[in-house]
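# Structural features, examined
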Amino acid sequence: MKVVIVKYNAGNIFSVDYAMRRLGVEAEITGDLERIQSADKVIFPGVGEAETTMKYLKEHRLDEVIKGLKQPTLGICIGMQLMCKYSEEAVSGRVDCLGIFDEAVRLFIPNEQVNKVPHMGWNTIETVNHPLFKGLPEDPYFYYVHSYYATMGENTIATTDYIHPYSAVLHKDNFYATQFHPEKSGELGEIILKNFLDIC
Amino acid sequence: MLAKRIIPCLDIKDGQTVKGVNFVNIRNVGDPVELGAEYSRQGADELVFLDITASHEGRKTFVDLVRRIAQNISIPFTVGGGIHELKDVDTLLSAGADKVSINSAAIKNPDLISEVAKNFGSQVCTVAIDAKLEDGEWTCFLNGGRIPTDKKLFSWAKEAQERGAGEILFTSMNHDGVKQGFANDALARLSESLSIPVIASGGAGTMEHFRDVFAEGKADAALAASIFHFHEIAIPDLKQYLKQQGVPVRLTC
């Protein structure tokens, strides 16, 4: 199985590579369009800011290539947000993203009860019955660091409640995406990554 | 629900853990990777590795160590100690650290916080503050608490947040090492005045102290070293206790 981790101008993509190695998978980290297209599985990870990363994707034609992928593809954190319709993380307040998912990405607005943004730390998810969640215990905790969130929509297969419920995991056709970092979420994160690799 | 975090802190010198740590179930307790992995298995939510090496060779060893930690441990970790400029931050993040903790360098050069946030994002930037309560005022100290500054805890923490810090790690020098509980009054005031998470440090002695620092101190996370290293409190027991006390925690075992 050939796993490719998409290399672009986002930070922290090596953590995903290390997590793959712990699962016994030698992934290739590349921004090469053909290498990405010919992979069996694609992971689109990263920590970054929507507007500048989106600009980079367009300049390198990665936007079209990622949108056109037919193999199982997993977005993580900013990767997930870039796969949504648009994001509020832009100087103008809106940047169009890949539009794989119809859901939008909005900024958390703190309220009286919850006054801390970014949402940082371990939080539980509520899931629907889905192969990606096979083997997870009840109330599983995953690690999050983010100030923007994907809204709830028809592609939502797991939610997290922070300030309000939002999409923790999205799924549409061959595309999967998690707002949390499975590569930093201990054993349960490894279950998610392994389930993704097991998806045909 | 967002869990309150429990964070063991490991002091590192020349790539080895410093304090006389004694664990029966791991081979080499001097190896920070093995010790960190054991804490991760026990349910630690994050790890902090503080480099107290002074020499240049020691620094290189620490960067190699950070790479090994990132390869082997699947929970987030912060590294601190010896960070003076943006280049140091870049080196540590490139080696695989999730966050860096900046202390004296941030006080001497507050622009460093802004630069780190701008270049790598606020989420990687933890500003550590050592402060001491004297005559009713919390004064910030440099160099591990040896040199007083003109900065005051609450205003400095606020400034750090405005400059782009993602978290504040506050150590009360009055409480550190005394094991009589955390500085809950100051912590609560700090937590309520900031919109970024606060990590409490200094004073952990019993499990009740952790309950209090979350309930009264309104901390988002609590950091401790010796009570974990010397088995005075085991993390699984602590998590069970906190859960019974109504504190949201992540149970792993």
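You'll find the structure just up there.
The notes below deal with the structure included here. (Residues numbered from 1 in each chain as written. Chains lettered and ligands numbered in written order. Predicted model: local features only at pLDDT ≥ 70, side-chain atom pairs only at ≥ 80, totals over all residues. Heavy atoms only, no water.)

A few words on the overall build of chain A. A count of helical and extended segments in chain A gives 6 helices and 14 strands. Its C-alpha atoms give chain A a radius of gyration of 16 Å, near enough to 16 Å, the size a compact globule of 200 residues would have. Within chain A, buried positions represent 60% of all 200 residues. Taken as a whole, chain A presents about 8,200 Å² of accessible surface, with 48% of it coming from carbon and sulfur. Separation of charge centres in chain A, based on 19 positive and 27 negative side chains, amounts to 5 Å. (Helix = DSSP H or I, 4+ residues; strand = E, 2+ residues; numbered from the N terminus. Rg over C-alpha atoms; globule rule 2.2 N^0.38 Å. Buried < 20%, exposed > 50% of the residue type's maximum accessible area, 1.4 Å probe, protein only. Areas by Shrake-Rupley, 256 points an atom, 1.4 Å probe, with all protein chains shown as cover. Lys, Arg positive; Asp, Glu negative; His and termini not counted. Charge placed at Lys NZ, Arg CZ, Asp CG, Glu CD.)

Right, let's get into the pattern of salt bridges. Counted under the stated rule, the structure contains 27 salt bridges over all chains. Between R106 of chain A and E88 of chain A there is a salt bridge; the shortest N-O distance is 3.2 Å. Within this pair, whereas R106 of chain A is found in strand β7 (residues 105-107), its partner E88 of chain A is found in the loop between β5 (86-87) and β6 (95-96), the two being separated by 18 residues in sequence. Among the ionic pairs, R41 of chain B bridges to E38 of chain B, the shortest N-O distance being 3.1 Å. Remark: E38 of chain B and R41 of chain B occur in helix α1 (residues 32-42); sequence separation between them is 3 residues, near one turn of the helix. (Salt bridge = Lys/Arg side-chain N within 4 Å of Asp/Glu carboxyl O.)

If you look at the interface, chain B gives 32 residues, while chain A gives 25 residues. On inspection of chain B and its partner chain A, the count reaches 2 salt bridges. Of the charged contacts in the structure, one is a salt bridge between K116 of chain A and D220 of chain B, with a shortest N-O distance of 2.9 Å. Counting across the chain B and chain A interface gives 16 residue pairs in polar contact (both at pLDDT 80 or more). (Contact = heavy atoms within 4.5 Å. Polar contact = N/O pair within 3.5 Å; in protein donor to acceptor, adjacent residues only side chain to side chain.)

A separate point is empty space enclosed by the protein. Leftover empty space is mapped by rolling, across the atoms, a probe with the size of a water molecule. Residues and elements named next belong to chain B. Enumeration over the complete set of coordinates arrives at 1 cavity of 30 Å³ or more. If you add up the space inside the largest cavity, you get close to 30 Å³. Forming the boundary of the largest cavity are V48, T78, S101, T126, E167, L169 and I199. Taken together, the residues of the lining of the largest cavity sort by class into 3 nonpolar, 3 polar and 1 charged. (1 Å grid on protein atoms, 1.4 Å probe; cavity = no way out; pocket = protein on both sides within 12 Å on 5 of 7 lines; lining within 4 Å. Points joined across faces, edges and corners; volume = space filled by probe spheres on them. Nonpolar A, V, L, I, M, F, W, Y, C, P; charged D, E, K, R; others polar.)

Within this structure, the stated rule accounts for 15 aromatic pairs over all chains. For the pair Y144 of chain A and F180 of chain A, a centre-to-centre distance of 5.8 Å together with 80° between the ring planes defines the contact as edge-to-face. A residue pair is termed long-range when its members are at least 10 positions apart, and Y144 of chain A in strand β10 (residues 141-146) and F180 of chain A in the loop between β14 (175-178) and α6 (186-198) qualify at 36 residues. Aromatic pair Y149 of chain A and Y166 of chain A: ring centres 5.9 Å apart, planes at 55°, arrangement tilted. With Y149 of chain A in strand β11 (residues 148-150) and Y166 of chain A in strand β13 (residues 164-172), this residue pair connects regions lying 17 residues apart in the sequence. The residues Y149 of chain A and Y166 of chain A share a single accessibility class, namely buried. Ring pairs connect the aromatic residues F108, F142, Y144, Y149, Y162, Y166 and F180 of chain A, which therefore count as one cluster. Over the face of the ring belonging to Y86 of chain A we find R94 of chain A, whose NZ or CZ atom lies 3.8 Å from the ring centre. Against the face of F154 of chain B rests R189 of chain B, its NZ or CZ located 3.7 Å from the ring centre. (Phe/Tyr/Trp six-rings, centres within 6.5 Å; stacked < 30°, edge-to-face > 60°. Lys NZ or Arg CZ within 6 Å of the ring centre and 35° of its normal.)

This part is about the state of the cysteines. A full pass over the atoms with the stated rule returns 0 disulfides over all chains. Of all cysteine sulfurs, the one in C140 of chain B lies closest to C125 of chain B, which takes part in no disulfide; the gap is 15 Å. (Disulfide = S-S within 2.5 Å.)

Residues and elements named next belong to chain A. Residues A50, T53, M54 and L57 constitute the buried set of helix α3 (residues 50-59). Along the axis of α3, the buried residues cluster in a sector spanning 100°; they form a single face. Away from the buried face of α3 by more than 90 degrees, exposed residues K55 and E59 are located. Those residues of α3 hidden inside the fold are in contact with β3 (41-44), α4 (62-67), α5 (78-82), β5 and β6. Of the residues flanking the start of α3, the one acting as N-cap is E49, its side-chain oxygen 3.4 Å from the backbone nitrogen of E51. (Arc of directions from axis to C-beta.)

Quick look at the nonpolar core now. Counting residues in hydrophobic clusters, the biggest one holds 82 residues, and the most contacted among them are I168, F170, F210 and F228 of chain B. Among the elements that take part in this core, helix α2 (residues 56-72) of chain B stands out by supplying 6 residues, more than any other. Those residues within four positions of F170 of chain B in sequence are excluded, and the remaining contacts are I129, A131, W138, L153, A183, A186, L187, L190, I199, A200 and S201 of chain B. If you look at the next biggest cluster of nonpolar residues, it comprises 36 residues, including V3, I43, I163 and F180 of chain A. (Core = buried A, V, L, I, M, F, W, Y, C linked by side-chain atoms within 4.5 Å.)

Residues and elements named next belong to chain B. Interaxial distance between helix α6 (residues 153-163) and helix α7 (residues 184-193) falls to 10 Å at its minimum, and their mutual angle equals 30°. Taken together, the axes of α6 and α7 are roughly parallel relative to one another. Note on packing geometry: the crossing formed by α6 with α7 is right-handed. Side by side, α6 and α7 meet where L153, F154, A157 and K158 of the first sit next to A186, R189, L190 and S193 of the second. Of the residues contributing to the contact of α6 with α7, the split by class is 5 nonpolar, 1 polar and 2 charged. (Axes fitted to C-alpha atoms, helices over the stretch in contact; angles between N-to-C directions. Parallel < 35°, antiparallel > 145°, perpendicular 65-115°, else oblique. Left-handed = near helix turned anticlockwise from the far one by under 90°.)

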